[in-house]
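A look at the structure
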Amino acid sequence: MSMSRGTEPRTTAGAGWNAAVGSTVNPSDVRGGTLRLVSSADVDSLDPARTYYVWVWLLQRMLNRTLMAYPTDPGPAGLIPVPDLAEGPGRVSDGGRTWTYRLRAGVRYDDGTPITSDDIRHAVQRVFAQDVLPGGPTYLVPLLDDAGRPYPGPYRTDEPLGSVRTPDERTIVFHLRRPFSDFDHLMAQPCTAPVPRRADTGADYGENPRSSGPYRVALHRPGRFLHLERNPYWDRATDPVRPALPDRVELTIGVDVDELDERLIAGEFDINLEGRGLQHAAQDRVTADGVLRSRTDNPRTSFLHFVSLQPHIPPFGDVHARRAVHYAADKILLQQARGGPVTGGDLTTALFPPRLPAHQPGLDPYPTGPDLRGDLDAARAELAAAGLPDGFDAVIGTQRGKFRLVADAVAESVARVGIRLTVKELDVASYFSLGAGHPETIREHGLGLIVTDWGADFPTEYGFLAPLVDGRQIKRNGGNWNISELDDPRVNDLIDQSLHTTDPAERARQWGAVERLVMEHAVILPLVHDKTLHFRNPWVTNVYVHPAFGLYDVQAMGVVAPV
Ligand code: ARG
């Protein structure tokens, strides 16, 4: 079988452009073979508590199970977690504050030992040890901690976290400080995958992790390769999510991006796991070739590219100054700066990704004219209303590379109405922690405008918008995503209501109201919903872009000889 792979005649068309977006290409349950993956960079961590890369979260689905998990489903159902290690979704009581899960019977680690509720509690406790295990999401901490007596994580005390109880080996009860209607989503994040205390080596755990999923690490040579083999103790009958088709998975790490594309298209690798998408050279090649084009997908990544406007930096304290920027934006120029409609993204005048229920297709509070090149009269009227009829000087923060191109396009746009922008480049590596993400850096450089992007850590309205606009989520010490420091009680109240509300239609209504308020404040200038161009080889089965992650769901894939 493996001999014929990669030698398929180039004349055989693939399933079609975008065929793996919203549906599955080559559905199959044929087992066996080796899935050959490739990436330019190494995993951020194999410790499930220490990873944040989306593609590593998808890889984690092969290695680890969680109480809840996103189903193998290319449609809207893919956004809603289903029971994985748990027998059912969380049972909610105490007005949304108590969530109870029961583990399935007979689930085991790759060393044959049983998975217990205490192992899930241990995983949750590890999230609190940010001094030892930084890198992963921390949504659980404020929900489960006692502000009066902060829990320091399992390495500094033997006392367990009081808000999580394990009345027996299969039952786990979470007592939240406040209702959190998205809790099932947090139970699907890799950081909650079970970790047995006896195997936990703290900061080094990623070097020899236990696994609860269908595969385990056979060999990891950092920067070179990662090989997975079957976990002999994983039981298909207990796992409603994972088809687990290949016998082996071999990831080649560290191939330069252009060479990677060439070897992928030549069939030497099956799929690019990293999901950056094809680079310029390969993009031109596949789009010009009908056969290769039929093997590509062009999904939204679910990242929003936007410009943040800071009311605490003059003259942006005046909403009219902010609105002037919105009206003056040349959307076509900005989309081109982003990479155009295929590898840049879809233009948007609102915030929510289209797949979320609260998405409002017609929301366009600052229309930029029929040609989308900017409404300069409206922009000048806003400047006059701000008492700045001749425009003003301001600084736009960005980083070198792709973000720089967007900053230049913003400057070119607003120069037409007399807004003179200076571009300030901040360090790339620390951009989100200490640059754009640090309120002091914003003040130090007077960054009235900031170029940035954002993708949700879980696919709900709260997951997408709350970190950007919730006044209680301003992070003074860095890693801040509410860059404009919006703290509007009406917004905050609606967010709290949504966390108490379980009815999806009512929640969508509440979030629609939040989105309109945020747009009224004009603190976020939305540009595009990012898109990427992915290549799938025709012998790979069960290929689809997972709606919760915006990348291929690698755990679903198999390989067969071409027919
Ligand atoms: N929210 C982070 C950002 O926008 C990470 C998003 C992607 N990672 C993830 N695991 N969802 O940069």
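Structural data are supplied above this passage.
The text that follows walks through the structure, step by step, so that each part is easy to find.

Scoring rules and cut-offs
Residues numbered from 1 in each chain as written. Predicted model: local features only at pLDDT ≥ 70, side-chain atom pairs only at ≥ 80, totals over all residues. Heavy atoms only, no water. Helix = DSSP H or I, 4+ residues; strand = E, 2+ residues; numbered from the N terminus. Rg over C-alpha atoms; globule rule 2.2 N^0.38 Å. Buried < 20%, exposed > 50% of the residue type's maximum accessible area, 1.4 Å probe, protein only. Areas by Shrake-Rupley, 256 points an atom, 1.4 Å probe, with all protein chains shown as cover. Pairing = 2+ DSSP bridges. Axes fitted to C-alpha atoms, helices over the stretch in contact; angles between N-to-C directions. Contact = heavy atoms within 4.5 Å. Salt bridge = Lys/Arg side-chain N within 4 Å of Asp/Glu carboxyl O. Parallel < 35°, antiparallel > 145°, perpendicular 65-115°, else oblique. Left-handed = near helix turned anticlockwise from the far one by under 90°. Nonpolar A, V, L, I, M, F, W, Y, C, P; charged D, E, K, R; others polar. Polar contact = N/O pair within 3.5 Å; in protein donor to acceptor, adjacent residues only side chain to side chain. Expected span 1.5 Å × (residues − 1). Arc of directions from axis to C-beta. Near = heavy atom within 4 Å.

So, the overall build of the chain
- Looking only at helices and strands, the chain features 17 helices and 21 strands.
- In terms of overall size, the chain behaves like a compact globule, its C-alpha atoms giving a radius of gyration of 24 Å where 563 residues would be expected to give roughly 24 Å.
- For the chain, the spread of C-alpha atoms along the principal axes amounts to about 75 × 65 × 40 Å.
- The proportion of buried residues among the 563 residues of the chain is 59%.
- For the chain, the exposed surface amounts to about 21600 Å²; the carbon and sulfur share of it is 52%.

What to know about the sheet that holds strand E13 (residues 300-309)
- Read across the open sheet, the 6 strands follow the order E14-E18-E13-E17-E15-E16; overall the sheet is mixed. Edge positions in the open sheet fall to strand E14 (345-347) and strand E16 (419-425), since each of these has one partner strand only. Recorded for the sheet is a direction-independent mean angle of 25° between the axes of neighbouring strands.
- In terms of strand pairing, E13 meets strand E18 (residues 524-531) through 6 bridges, oriented antiparallel. Its bridge partner lying in E18, Phe 306 is registered against Pro 526.
- Against the sheet, helix H15 (residues 461-469) engages E13, strand E17 (447-455) and E18, with an angle of about 160° to E17.

Concerning the sheet that holds strand E8 (residues 215-221)
- Pairing is mixed in the open sheet, where 5 strands are placed in the order E8-E9-E10-E1-E11. What marks the edges here is a single partner per strand, and that holds for E8 and strand E11 (271-272).
- Where strand E9 (residues 225-230) meets strand E10 (residues 248-253), 5 bridges bridge the pair, whose relative direction is antiparallel. Counterpart to Glu 229 in the pairing with E10 is Arg 248.

What about unusual backbone geometry?
- Residue Pro 314 is joined to Pro 315 through a cis peptide bond whose omega torsion reads 0°.
- You can see Pro 315 is positioned in the loop between E13 and helix H8 (319-328).
- Phi angles above zero are rare outside glycine, and Asn 542 is one such case at about 55°.
- Position of Asn 542 relative to the elements: it lies in the loop between strand E20 (540-541) and strand E21 (558-559).

With respect to the pattern of salt bridges
- Applying the stated criterion to the full structure yields 38 salt bridges.
- Arg 300 serves as the salt-bridge partner of Asp 346, at 2.8 Å between the closest nitrogen and oxygen. With Asp 346 in strand E14 and Arg 300 in strand E13, this residue pair connects regions lying 46 residues apart in the sequence.
- Of the residues examined, Arg 300 reaches a relative accessible area of 38% and is grouped as partly exposed.
- Among the charged side chains, a salt-bridge network with shared partners connects Arg 65, Asp 84, Asp 239 and Arg 242.

A few points about the packing of helix H9 (residues 331-338) against helix H12 (residues 402-415)
- In contact at an axis separation of 8 Å, H9 and H12 are set at 165° when each is read in the N-to-C sense. As far as their axial angle goes, H12 and H9 are roughly antiparallel. Seen from above, H9 lies across H12 with right-handed handedness. Contacts between H9 and H12 involve Leu 333, Leu 334, Ala 337 and Arg 338 on the former and, on the latter, Lys 402, Leu 405, Val 406, Ala 409, Val 410, Glu 412 and Ser 413.
- Residues belonging to the contact of H9 with H12 are distributed by class as follows: 7 nonpolar, 1 polar and 3 charged.

So, the side chain of Thr 171
- Here Thr 171 is to be found in strand E7 (residues 171-175).
- A polar contact of 3.1 Å, which involves the side chain of Thr 171, links it to the side chain of Arg 102.
- Those residues in contact with Thr 171 that lie beyond four places of it in its chain are Thr 100, Tyr 101, Arg 102, Ser 117, Arg 165 and Thr 166.

Remarks on helix H16 (residues 489-500)
- In this model, H16 (12 residues) spans 17 Å end to end at C-alpha, consistent with the 16 Å of a helix rising 1.5 Å per residue.
- Looking only at H16, the buried set comprises Val 491, Asn 492, Leu 494, Ile 495, Ser 498 and Leu 499. The arc enclosing the buried residues of H16, seen along the axis, measures out at 165°, which places them on a common side. Looking at H16, the residues exposed on the side facing more than 90 degrees away from the buried face are Pro 489 and His 500.

A look at the environment of Tyr 431
- Secondary-structure assignment places Tyr 431 in helix H13 (residues 431-435).
- Classification of Tyr 431 as buried rests on a relative accessible area of 0%.
- Measuring from C-alpha to C-alpha, the distance between Tyr 431 and Thr 452 comes to 9.3 Å, with 21 residues separating the pair along the chain.
- Ignoring anything within four residues of it in the chain, the contact list for Tyr 431 reads Gly 397, Thr 398, Gln 399, Phe 403, Leu 426, Ala 436, Gly 437, Ile 450 and Val 451.

A look at the site of the ligand
- Around the ligand, the structure places Tyr 52, Val 54, Trp 57, Phe 303, Trp 454, Gly 455, Ala 456, Asp 457 and Trp 481.
- Within the backbone of Tyr 52, an N or O atom sits 3.1 Å from a nitrogen atom of the ligand.
- Here a nitrogen atom of the ligand and a side-chain polar atom of Asp 457 are 2.8 Å apart.
- Contact with the protein chains removes 85% of the 340 Å² of surface that the ligand exposes when unbound.

What about the pairing of E9?
- Across 6 bridges, E8 lies against E9 in antiparallel orientation. Directly across from Leu 219, in E9, lies its bridge partner His 227.
- Counting the residues in the hairpin turn of E8 and E9 gives 3 residues, including Gly 223, whose phi is positive at 80°.

Describing helix H5 (residues 257-265)
- Residues Leu 260, Asp 261, Leu 264 and Ile 265 constitute the buried set of H5. Seen along its axis, H5 keeps its buried residues to an arc of 120°; they face one direction.
- At its buried positions, H5 is contacted by strand E1 (34-39), E11, helix H6 (280-288), helix H7 (290-293) and strand E19 (534-535).
- Positive phi shows up at Gly 267, right after H5, with a value of about 90°.

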